[in-house]
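One letter stands for each residue in the lines below.
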Amino acid sequence: MGSQNPAARRTGLERRSSIVVTISSDGPVWTLDLGDDENRFSPDWLEAVGSALDQIESTTEPAVLVTIGGGKFYSNGLDLEWLGQNFDQHDTYVTRVEDLFARILTLPVPTVAAVNGHAFGAGAMLAMAHDYRVMREDRGYFCFPEVDIHIPFTVGMNALVTSKLTPRTALDAMATGRRYGGADATAVGIVDATASSEKLFETAAGFVRDLAGKDRATLGTIKARMFADVVTALGAGNDDPA
């Protein structure tokens, strides 16, 4: 697995088709390890991540959330192979993906994505849904390849990405398919900082650790109101998947 918090408490949530998603806590810092494969959004993977979020939301003590992957990928996005074989479930599948984005976007605890490797397409959007992003400085690309693979953004996905980026950066990232390394992603505000592989987790956790005592009801309401238009767009129905 990738660099992550030494867990005082860990639960394995999914072990199907090489999927291993874990949730762990060390004091107020919760770590959601997305897996050590491409971490594509298969139905099983979505279920496992949802179960992990249920665990942190079921607690009442101060908490923050760090998400991280292992190996070469943070997440490679939608499971297009599964979708191609189950196209009759297209709308339900995309709804589940957009529901995950909305849930992370409005989670009532501070969140940070520790982008340990490649984040492509919906995987990059998952990172964008967090409050903060820290990217490995020496490896991995952050990329929205939709323009090059002929898959337009849904209305909701478009709203999510554009809510977090300047218009100039959004246009460059979404309309060109540019692959951003850590330094370039930081320079244009896609991520907030970079770190070495060894320091990635601690650097990311440092963005949120001191925020663990924020009242959940208040923070959740602030996020829900701040991103109300995005959440509405994400729940408005599906066009083509990204």
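These numbers come from a predicted model, not from an experiment.

Let's shift gears to the pairing of strand 8 (residues 132-136). Along strand 8, 4 of the 5 residues are buried, which leaves the element largely enclosed by surrounding structure. By the bridge criterion, 4 bridges tie strand 6 (residues 111-115) to strand 8 in an arrangement that is parallel. Bridging from a neighbouring strand, Val 115 pairs with Met 135 of strand 8. Of the strand pairs in this sheet, strand 8 and strand 11 (residues 193-195) are connected by 3 bridges, and their pairing is parallel. Following the sheet pairing, Met 135 is matched in strand 11 by Thr 194.

Moving on to the packing of aromatic side chains. Applying the stated criterion to the full structure yields 6 aromatic pairs. Seen in terms of ring centroids, Trp 82 and Tyr 93 are 5.3 Å apart; in terms of plane orientation they differ by 40 degrees. Their pairing is tilted. Taken as a pair, Trp 82 in helix 2 (residues 80-85) and Tyr 93 in helix 3 (residues 90-105) lie far apart in primary sequence, 11 residues in all. Considering the side-chain rings of Phe 144 and Phe 153, the 6.2 Å spacing of their centres and the 65 degrees angle between planes classify their relative orientation as edge-to-face. In this structure Phe 153 comes out as buried when scored by relative accessible area, which is 17%. One aromatic cluster is present, formed by Phe 41, Trp 45 and Phe 101 through successive ring pairs.

What follows is about the sheet that holds strand 5 (residues 73-75). Strand order in the open sheet formed by 4 strands is 5-7-9-10, and the pairing between neighbours is mixed. Both outer strands of the open sheet, strand 5 and strand 10 (179-180), are each paired with one neighbouring strand and no more.

At a minimum axis distance of 11 Å, the contact between helix 1 (residues 43-57) and helix 3 shows a crossing angle of 30 degrees. When the interaxial angle is binned, helix 1 and helix 3 end up roughly parallel. As for the relative orientation of helix 1 and helix 3, their crossing is left-handed in sense. In contact with Pro 43, Trp 45, Leu 46, Glu 47, Val 49, Gly 50, Leu 53, Asp 54 and Glu 57 of helix 1, helix 3 contributes Tyr 93, Arg 96, Val 97, Leu 100, Arg 103 and Ile 104. Considered class by class, the residues forming the contact of helix 1 with helix 3 number 9 nonpolar, 1 polar and 5 charged.

Analysis parameters
- Residues numbered from 1 in each chain as written.
- Predicted model: local features only at pLDDT ≥ 70, side-chain atom pairs only at ≥ 80, totals over all residues.
- Heavy atoms only, no water.
- Buried < 20%, exposed > 50% of the residue type's maximum accessible area, 1.4 Å probe, protein only.
- Helix = DSSP H or I, 4+ residues; strand = E, 2+ residues; numbered from the N terminus.
- Pairing = 2+ DSSP bridges.
- Phe/Tyr/Trp six-rings, centres within 6.5 Å; stacked < 30°, edge-to-face > 60°.
- Axes fitted to C-alpha atoms, helices over the stretch in contact; angles between N-to-C directions.
- Parallel < 35°, antiparallel > 145°, perpendicular 65-115°, else oblique.
- Left-handed = near helix turned anticlockwise from the far one by under 90°.
- Contact = heavy atoms within 4.5 Å.
- Nonpolar A, V, L, I, M, F, W, Y, C, P; charged D, E, K, R; others polar.

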